[in-house]
Number of protein chains: 6
Amino acid sequence: MSSTLPSAVSSVNAIRLALRSWPEVDDYLNHCKGVILPLGSTEQHGPTGAIGTDALTAEALALEVGRRTGVLVTPTQAFGMAEHHLGFAGTMSLKPATLLALIHDLVISLANHGFERIFVINGHGGNVATTKAAFAQAYSSAISNDLPVASKLRCKLANWFMAGSVFHAARELYGDQEGQHATPSEIALTLHIEPSLLSKQRPLPEPAPAGPIHGPEDFRRRHPDGRMGSNPYLAKPEHGASLLETAATALSEDLTSFLTAA
Amino acid sequence: MSSTLPSAVSSVNAIRLALRSWPEVDDYLNHCKGVILPLGSTEQHGPTGAIGTDALTAEALALEVGRRTGVLVTPTQAFGMAEHHLGFAGTMSLKPATLLALIHDLVISLANHGFERIFVINGHGGNVATTKAAFAQAYSSAISNDLPVASKLRCKLANWFMAGSVFHAARELYGDQEGQHATPSEIALTLHIEPSLLSKQRPLPEPAPAGPIHGPEDFRRRHPDGRMGSNPYLAKPEHGASLLETAATALSEDLTSFLTAA
Amino acid sequence: MSSTLPSAVSSVNAIRLALRSWPEVDDYLNHCKGVILPLGSTEQHGPTGAIGTDALTAEALALEVGRRTGVLVTPTQAFGMAEHHLGFAGTMSLKPATLLALIHDLVISLANHGFERIFVINGHGGNVATTKAAFAQAYSSAISNDLPVASKLRCKLANWFMAGSVFHAARELYGDQEGQHATPSEIALTLHIEPSLLSKQRPLPEPAPAGPIHGPEDFRRRHPDGRMGSNPYLAKPEHGASLLETAATALSEDLTSFLTAA
Amino acid sequence: MSSTLPSAVSSVNAIRLALRSWPEVDDYLNHCKGVILPLGSTEQHGPTGAIGTDALTAEALALEVGRRTGVLVTPTQAFGMAEHHLGFAGTMSLKPATLLALIHDLVISLANHGFERIFVINGHGGNVATTKAAFAQAYSSAISNDLPVASKLRCKLANWFMAGSVFHAARELYGDQEGQHATPSEIALTLHIEPSLLSKQRPLPEPAPAGPIHGPEDFRRRHPDGRMGSNPYLAKPEHGASLLETAATALSEDLTSFLTAA
Amino acid sequence: MSSTLPSAVSSVNAIRLALRSWPEVDDYLNHCKGVILPLGSTEQHGPTGAIGTDALTAEALALEVGRRTGVLVTPTQAFGMAEHHLGFAGTMSLKPATLLALIHDLVISLANHGFERIFVINGHGGNVATTKAAFAQAYSSAISNDLPVASKLRCKLANWFMAGSVFHAARELYGDQEGQHATPSEIALTLHIEPSLLSKQRPLPEPAPAGPIHGPEDFRRRHPDGRMGSNPYLAKPEHGASLLETAATALSEDLTSFLTAA
Amino acid sequence: MSSTLPSAVSSVNAIRLALRSWPEVDDYLNHCKGVILPLGSTEQHGPTGAIGTDALTAEALALEVGRRTGVLVTPTQAFGMAEHHLGFAGTMSLKPATLLALIHDLVISLANHGFERIFVINGHGGNVATTKAAFAQAYSSAISNDLPVASKLRCKLANWFMAGSVFHAARELYGDQEGQHATPSEIALTLHIEPSLLSKQRPLPEPAPAGPIHGPEDFRRRHPDGRMGSNPYLAKPEHGASLLETAATALSEDLTSFLTAA
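Residues numbered from 1 in each chain as written. Chains lettered and ligands numbered in written order. Predicted model: local features only at pLDDT ≥ 70, side-chain atom pairs only at ≥ 80, totals over all residues. Heavy atoms only, no water.

### Regarding the overall build of chain A
Selection criterion: A run of DSSP states H or I qualifies as a helix once it reaches four residues; a run of E qualifies as a strand once it reaches two. Both are numbered from the N-terminal end. The globule rule used for comparison is 2.2 Å times the number of residues to the exponent 0.38, while the radius of gyration itself is calculated over C-alpha atoms.
The number of helices and strands found in chain A is nine helices and three strands. Taken from N to C terminus, the helices and strands of chain A fall in the order α-α-β-α-α-β-α-β-α-α-α-α. Against the 2.2 N^0.38 benchmark of 18 Å for 262 residues, chain A shows a C-alpha radius of gyration of 18 Å, consistent with a compact globule. Based on the C-alpha atoms only, the size of chain A along its principal axes is roughly 55 × 40 × 30 Å.

Right under this line is the structure:
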């Protein structure tokens, strides 16, 4: 996936659920009940950022965390809750009620097989609320459906961009120009993951300031080019490599605690 | 409502939507498009706390903020998302999907009349995720229903217990014994609002430590008496009066900014 | 709550679920499996009536019935199904599908704890249909969720304004001017509960006649000031005190039969 | 359909929507905006009654009322809300939320074409609540979908067995043995509509008394053979013919008023 | 029902669930776990075809298949998924999500009683997708509701017009003029079932060609009179009798295999 | 992506929506209103097949079709309707109602931006029914939401494995051993896309025969190792390359017709 992860090709494949067979998953469950689910969004990321930013970053991090910990990584759910970005072409959004049902169904599917710890690595702030609501709904269904793991099921939402060390690193690199949407830190990750995106980088005018998020028309009016206080032109691929490293370290520790907690 | 608010009786009534007639609301809308919606929960609050704590506090704060700002206060939604507390008798919970629909419908009702700024004063952490998801769903419906206010509609969630000054005051009063559920600060508010609750106060053994929240069976196992790291015995009615004052000041400023923001 | 109920303060508090702790509810369930849930609405009540009329009356009655019978009273659900009143400012309505889910979830929450008899004291005709539908849905879920009380669970809807003795008293007081919405009897109750409402009372022109209820635009066209054949100016606080007494007597008998029925 | 309606064959066909082409419906809408929707249920009707009783009777009445008034009759919705009868083999029930959506969709379909008055002839008490809830939801959707007829749309639920003259006739024929479910009056209608059902008639033991309706297990325990206080053995085909006549007269008047009301 | 089925009157009645009592269904379940559910649609069928075509044909076939095999036939669900026909007056459609819930509820009702093989005889292509989706949802609920038959429950969708022999016969009779909607074969069935429909038959201009189906406006634009490449004027009642025979033979074999399959 | 597509790296990136910015999508919409949405599933594919087979193949085909036609390709929806495979570890399934809502929301998002032709390239038979149902629901919402493209919106489901030429090629390669699930043709595609999967290939015993699909328990009983009549050991990477070519040719023609059709 990246030159900073020399042994990745084989190892990454080893932890991708998509590349496993069902008997291999059965075996896996004999020694580990944890699983990582990457959750992104498909939404505008400013005039130069990739629409797939949040899924690209969540997936890259999930695979790297999986590689380090040996925990299985499911396919990425690339569509999330991005209603407020619908004023910009290319944004594809699930309504909150739909995303709630989706996360619920995925958690219940995994719980059915005996997975007890679901670790969602999320790349988009707009997913946070609905995903947490979905966890509560899933705990409730696990009980009413009488699943054997009902009393042991735990879900955790890990937003890579909110890890303390990532936050700190981003501030150090970009200061106030980090902003809140289409941030240089997330763009840097995408430049590292997908070098072809470098060709889009160009200086941009002063962004509209960050502010509260309401509906799509309000959002577009306040943030005419989609950015919230950010200067994504500052992003460099090498920042991305380093931020990925920082975030993967933080999330791996987080996951390890989650899996071993009583 | 309380001796600290001498002029409350008449003033509080003046801003209770429940006590207004529809022509009065029509008049109100000519000069103000804002409204306060108190949101609570009906759930266990430890062995000595009132099950209605979150609704009592949200309502008291909403009325006080309304009294100070002149902004209308709707009736309190006393039932929220409390699935994880269902292991304790008396807890009444709405599933996340239900609360999402409820908040959506209330926001859309208000938007129909021309209200443009909905300020939800919330007393329960478990409501946060679902309420935010509901706001996104409501913005979307306002557009697909072609409501005249669609592009101006804004909702804001104000959790009184998370205001900086409240947090600070609670730490000062209770230090680490504030905990995370059935906290002395919220219990103090209820003692101030409803003095009869004082009779329940008694010293309690060391609480189970706060931790992550999963399903109801997991919650009860980890927190056998319902508390999360809190010592509610420290709560005093006079703390409640002071915390109410602090919170009302913070929320009133917050509301004023919200109403006047471009 | 009122001078006609001298011992109310302490007694009323004793039966408010909101003021109980969970161990107290556990104790309660050892000797009684019944509970009262007050259900109101937040909707226009004519040019002089309070928007909160239906919740104010349902709550007052629930507390009085609870006080007399010792049966626990949950917080009031103040928002109900009032779609047809949405043409008047201030009305806040849940769609039928939402109210159905809400009542369902509350009943299932209570049934989870072992409550077997749910007595809903309702203040609004528009809630009747949806609440009954919700009961049927809840019985069904109690079985598919395998709740221990499934085969014993019973819900009952008690509309205070439809009790025979109340109906009779209202006719005696107001004759044909009772009407069907914003009636003098319900307004009288609110004047008794909340004396400040007296200031709104004034003579009104002949009301539009009562008739069938369809959508909000049709309703407003037929009933331009919101009243349906009623003359709320006839309402007096002392009528309210007496009607509350009459209704509480009827509902208390009703509840007693419900709790003791085989 | 029956010997008492000699001219029925051709006339009945003329008002069956199922036998019309779409241009004929277009023509019809030029002079009439009303339509009849028969709603039944498929549920146990005691040890000798037909499971299809409620749909058979609703359909027969709808066709007869259509024949007399010239108002179009849609196909019969034969499945309704019968959750409480699920303890008896053969009962097929829609959950309340499903029936709500179904009636909503049918009303909206008709409103789309310009129908303004939807007259639901219902054969089952268990459908009443949910159908009324569905009407409210449909009025709301008609507005949010911007249907041209939104402000004119009206729905009416006509329960044939609750018409005053029918009630009176049934009491006269059967007195207290009419009961509340699997009543001789509805069984008589089915014997008239479908003479082969006569072969099932036989004397039955004293029925369980009528009472409140809760869940399916409670219902079966209280009413072991499915009857509620009724003696369907009293039913005769000629009663059915006469009751059909009585009910059709009442409903036709009701429909005529509904169509011509301002 | 028709002259080609001389013994039909009594036999058909014997297999109509609507004409059975619950104890008779109990008896039936002792020797057979199969049941037939006819599913139609209420939608335009070209300028001369009956709106009820799909329900009339599904019902006629279901009864004939029931008569031949002795398998119980439930009432017909006359409303299906016909959103694309809503541009033509008289069409009544359930949204896919509603039909999904409906079929789910009916299957679960039957499974509750111990029916293990549900054979849906369908008259409308537009129902296929949603009905199959509903089966999957029902299998899932049967497990989460812990129904005793969960592991044995099987549903099968039988579209009479897609049986090989029917397809062949229709091609032989009508060649390319069979088309895809308002086909002469389905119209022929209705002429046989309901001779009064013959009066509508008349030569029609060249139809719009069949093509893909999208939304209602697109459909009406492409197919201005509702037909898709068909010449229903070719239909004769005697074709209908013969096609009914052919289809009933095919479906009866299909059902027999379904009931006896391991 | 593969050696048969030498110019793929840059070209494929050019048509990935995930790698575009919103202004680029705006530009794109000026000359093309079409878009490709790959839809997979995450489910068991026999003892040696990859759980991600259906998403891997749908994505590879979508990108190749996009590369050839220049039509934008959205991210892959990797989770579909796989309820019947839930008896095998690792399967993650959305309930039909959830997938219906998801596809609906994605189509509506795209239609909001002005996309008129949505081409879903699907890798899983179990998605077919629900996806078609979702299209119908989306057409309906496009109208009720008053989207400008409502009358022009068209969706098409393209199942690569059902293209005539693919079917033919698979039969030629594998004859009867193609089977119906975990087929050598789909496995061959995955071996071509992800060579590391070759290591899983091994001879397998005679598979259980293909048959009808019901619930998960029934499926596992009938198909103990997950295969339906297939011999995936026959699959070779070079077959995959060739099948991908064949399928991409068929789907590209299909897409071209779809985009240019009147």
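### Structural notes on the interface of chain A and chain B
What counts is decided by this rule: Residues are treated as being in contact if the distance between any of their heavy atoms lies within 4.5 Å. The term buried area means the drop in 1.4 Å probe accessible area that two parts suffer when joined, counted for both and summed. Definition used for salt bridges: Asp or Glu carboxyl oxygen within 4 Å of a side-chain nitrogen of Lys or Arg. Polar contacts here mean pairs of N or O atoms no more than 3.5 Å apart (in protein, one a potential hydrogen donor and the other a potential acceptor; neighbouring residues in sequence count only if both atoms are side-chain atoms). Think of it as three bins: nonpolar holds Ala, Val, Leu, Ile, Met, Phe, Trp, Tyr, Cys and Pro, charged holds Asp, Glu, Lys and Arg, and polar takes everything else, Gly as well.
Counting residues at the interface gives 29 residues for chain A, matched by 29 residues for chain B. Carbon and sulfur atoms make up 60% of the area that chain A and chain B hide from each other, which totals about 2200 Å². Seen at the junction of chain A and chain B, the total is two salt bridges. Arg154(A) serves as the salt-bridge partner of Asp218(B), at 3.4 Å between the closest nitrogen and oxygen. Taken together, the connections running from chain A to chain B amount to 11 residue pairs in polar contact (both at pLDDT 80 or more). At the level of secondary structure, the elements contributing two or more residues to the side of chain A that touches chain B comprise helix H4 (96-113), helix H5 (128-144), strand S3 (154-159) and helix H8 (216-222) of chain A. The residue inventory of the side of chain A that touches chain B, partitioned by class, reads 15 nonpolar, six polar and eight charged.

### A few points about the relation of the copies chain A and chain B
To keep things clear, this is the line we draw: Least-squares fitting of one copy onto the other uses the C-alpha atoms of those residues that reach a pLDDT of at least 70 in both copies.
Mapping chain A onto chain B calls for a rotation angle of 180 degrees and an axial translation of 0.0 Å; the resulting RMSD is 0.0 Å. Both copies are brought into coincidence by an operation consistent with a two-fold rotation axis. Scanning chain A for the C-alpha nearest the rotation axis identifies Ala129(A), at a separation of 2.0 Å. In this assembly the copies share their binding face: 100% of the residues contributing to the interface of chain A also contribute to that of chain B.

### Let's talk about the sheet that holds strand S2 (residues 72-73) of chain E
Residues and elements named next belong to chain E. Quick note on the threshold: Strands are labelled as partners when DSSP assigns at least two bridges between them. Only the contacting stretch of a helix is used when fitting its axis, a line to C-alpha atoms as for every element, and angles between N-to-C directions run 0 to 180 degrees.
Reading across from one edge, S2-S1-S3-S4 is the order of the four strands in this open sheet, with parallel pairing throughout. Taken across any chain shown, the strands that pair with only one partner, and hence form the sheet edges, are S2 and strand S4 (154-159). Pairing geometry for strand S1 (residues 34-39) and S2, over two bridges, is parallel. Residue pairing across strands places Val-35 opposite Leu-72, the latter belonging to S2. Helix H3 (residues 53-69) contacts S1, S2 and strand S3 (117-122) of the sheet and is inclined by roughly 160 degrees relative to S1. Against the sheet, helix H5 (residues 128-144) makes contact with S1, S3 and S4, and its axis sits at roughly 175 degrees relative to S4, the strand it touches most.

### Structural notes on the interface of chain C and chain B
On the chain B side, the residues contacting the 55 residues of chain C number 55 residues. Of the roughly 4200 Å² buried where chain C meets chain B, counting both sides, 64% is carbon and sulfur surface. Ionic pairing is found between Glu24(B) and Lys200(C), a salt bridge with its closest N-O pair at 3.0 Å. Across the chain C-chain B interface, the total number found is 30 residue pairs in polar contact (both at pLDDT 80 or more).

### Thoughts on the packing of aromatic side chains
The line we're drawing: Side-chain rings of Phe, Tyr and Trp (the six-membered ring for Trp) are treated as a pair once their centres are within 6.5 Å; stacked means planes under 30 degrees apart, edge-to-face means over 60, and tilted covers the remaining angles. In this scheme, a residue with accessible area under 20% of its type's maximum is buried, one over 50% is exposed, and one in between is partly exposed, where area comes from a 1.4 Å probe on protein chains only. Only when the NZ of Lys or the CZ of Arg is both within 6 Å of the ring centre and within 35 degrees of the ring normal is a charge said to sit over the ring.
This structure, assessed with the given rule, holds 30 aromatic pairs over all chains. Centroid distance Tyr28(A) to Phe115(A): 6.3 Å. Interplanar angle 40 degrees. Geometry classified as tilted. Taken together, the residues Tyr28(A) in helix H2 (residues 22-31) and Phe115(A) in the loop between H4 and strand S2 (117-122) connect sequence positions 87 residues apart. Take Tyr28(A): its relative accessible area is 9%, and that puts it in the buried class. Linked through ring pairs, Trp22(A), Phe88(F) and Phe219(F) together constitute an aromatic cluster. Across from the ring centre of Tyr233(D), 5.7 Å away, lies the NZ or CZ of Lys236(D), which sits over that ring.

### Remarks on the relation of the copies chain C and chain B
Each copy superposes on the other: chain C lies on chain B with an RMSD of 0.0 Å after a rotation of 180 degrees and an axial shift of 0.0 Å. Both copies present the same face, since 100% of the interface residues in chain C are matched by interface residues at the equivalent positions in chain B.

### As for unusual backbone geometry
Residues and elements named next belong to chain A. For Ala-182, which is not glycine, the phi torsion reads 60 degrees and is therefore positive. Within the secondary structure layout, Ala-182 lies in the loop between helix H6 (164-174) and helix H7 (184-193). For Ala-182, a relative accessible area of 0% puts it in the buried group.

### Things to note about the sheet that holds strand S1 (residues 34-39) of chain B
Residues and elements named next belong to chain B. Here we have three strands laid out as an open sheet, ordered S1-S2-S3, and parallel in their pairing. Looking along the sheet, the strands with just one partner apiece sit at the ends: S1 and strand S3 (154-159). Across the sheet, the axes of successive neighbouring strands diverge by a mean angle of 20 degrees, strand direction being ignored. As judged from the six bridges shared by S1 and strand S2 (residues 117-122), these two strands associate in the parallel manner.

Read these as geometric descriptors, not functional statements.
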